[in-house]
Amino acid sequence: MGVPLFDFAANIGKKVFNHGEDPAKTGEKLKQHIEKNNPGLTDLKVSVANGAATVSGNAKDQAAFEKAVLIAGNVEGVSKVEAADLKVPAPAATAKPAEPSTFVLVEEGDTLWGIAERAYANGARYTEIFAANKEVIEDPDLIFPGQKLRIPKG
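Before going further, it helps to examine the overall build of the chain. Within the chain, the secondary structure is distributed over four helices and seven strands. Along the chain, helices and strands appear, N-terminal first, in the series β-α-β-β-α-β-β-β-α-α-β. When its C-alpha atoms are laid out on the principal axes, the chain stretches across 45 × 45 × 25 Å. Each of the 154 residues in the chain was classed as buried or not, and the buried ones make up 43%. Contacts spanning at least 24 positions in sequence make up 66% of the contacts within the chain whose residues lie at least 6 apart. Just so you have it, the chain exposes about 8,300 Å², and 52% of that area is on carbon and sulfur atoms.

You can see Phe144 is positioned in the loop between helix H4 (126-132) and strand S7 (148-151). The class for Phe144 is partly exposed, based on a relative accessible area of 28%. Linking Phe144 and Leu105, residues 39 residues apart in sequence, is a C-alpha distance of 9.5 Å. Aside from chain neighbours lying at most four places away, what touches Phe144 is Ile12, Gly13 and Val106.

Counting 37 residues, the largest nonpolar core has Leu30, Ile34, Ile115 and Leu149 as its most contacted members. Among the secondary structure elements, those contributing two or more residues to this core are helix H1 (23-36), strand S2 (41-49), strand S3 (52-59), helix H2 (62-73), helix H3 (112-120) and S7. Examining the composition of this core, we find that seven residues originate from one element, H2, more than from any other. If we skip the residues at most four places from it in the chain, Leu149 touches Leu70, Thr102, Phe103, Val104, Val106, Leu112, Ile115, Asn133, Val136 and Ile137.

Next up on the list: H3. Residues of H3 that are buried: Leu112, Gly114, Ile115, Ala116 and Tyr120. In the core, the buried residues of H3 are packed alongside strand S6 (102-105), H4 and S7. A positive phi of about 60 degrees marks Ala121, the residue just after H3.

All right, on to the environment of Val48 then. Position of Val48 relative to the elements: it lies in strand S2. Val48 sits in the buried class, given a relative accessible area of 10%. Residues Val48 and Gly77, spaced 29 residues apart in sequence, show a C-alpha to C-alpha distance of 9.5 Å.

Let us now look at the pairing of S2. When S2 meets S3, the two strands line up antiparallel, connected through seven bridges. Each residue of the ladder has a partner; that of Val48, found in S3, is Ala53. In this structure, the hairpin formed by S2 and S3 is closed by a connection of two residues, where Asn50 is found at a positive phi of approximately 55 degrees.

Summed over the entire model, instances satisfying the criterion amount to five salt bridges. Between Glu138 and Lys14 there is a salt bridge; the shortest N-O distance is 2.8 Å. Linking Glu138 in the loop between H4 and S7 with Lys14 in the loop between strand S1 (4-7) and H1, this pair joins segments that are 124 residues apart in sequence.

Each value, and the rule that gives it
One numbering rule holds for all chains: residues counted from 1, following each sequence as written. In view of the model being predicted, local features appear only for residues whose pLDDT reaches at least 70, and side-chain atom pairs are presented and counted only at 80 or more, with totals across whole chains, interfaces and linings using the full set of residues. Computation of side-chain values: all heavy atoms of the structure, hydrogens and water removed. Secondary structure follows DSSP: runs of H or I at least 4 residues long count as helices, runs of E at least 2 residues long count as strands, and numbering of each begins at the N terminus. Accessible area is worked out with a 1.4 Å probe on protein chains only. A residue is then buried under 20% of its type maximum, exposed over 50%, and partly exposed in between. The contact rule is simple, with two residues in contact once any of their heavy atoms fall within 4.5 Å. Areas reported as accessible are Shrake-Rupley estimates using a 1.4 Å probe. Residue values count occlusion only from the protein chains shown. Residues enter a nonpolar core if they are buried and are Ala, Val, Leu, Ile, Met, Phe, Trp, Tyr or Cys, with the set joined through side-chain atoms within 4.5 Å. In this description, strands pair whenever DSSP reports at least two bridges between them. Any Lys or Arg side-chain nitrogen located within 4 Å of an Asp or Glu carboxyl oxygen qualifies as a salt bridge.

As far as function goes, none of this settles anything; it's purely spatial.
Here's what the structure looks like:
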């Protein structure tokens, strides 16, 4: 198993599998959920045991890697995502390496506008946060406490 990448609140999130379901089925269901919202992954493998999702495969870039972790972690029943075997290609020698995004834990009363004001000093940039999280947010007005979101650099 890889090194824990993120911890999540296991009792909230999108309902993908049933409580007490066979672990082999939960891994396959979570894989299907990630693939449905595929942010740029190939050779995806997913397993779930004791609330920990292990994700491996190839991500086309840093953003795809981060989104895969968030898609898996923002699922009810997942408390940890381990992604040490989720590979991101090295940038070309002439390219500037992508900076990892920052992440925010949504708290009671938060809105995307408020999060954008804190992150960028401009609430109108909430659309950038929504676009960066479209795989885990279906409606910009419907975020919930405990959800983790990507905040792109910039």
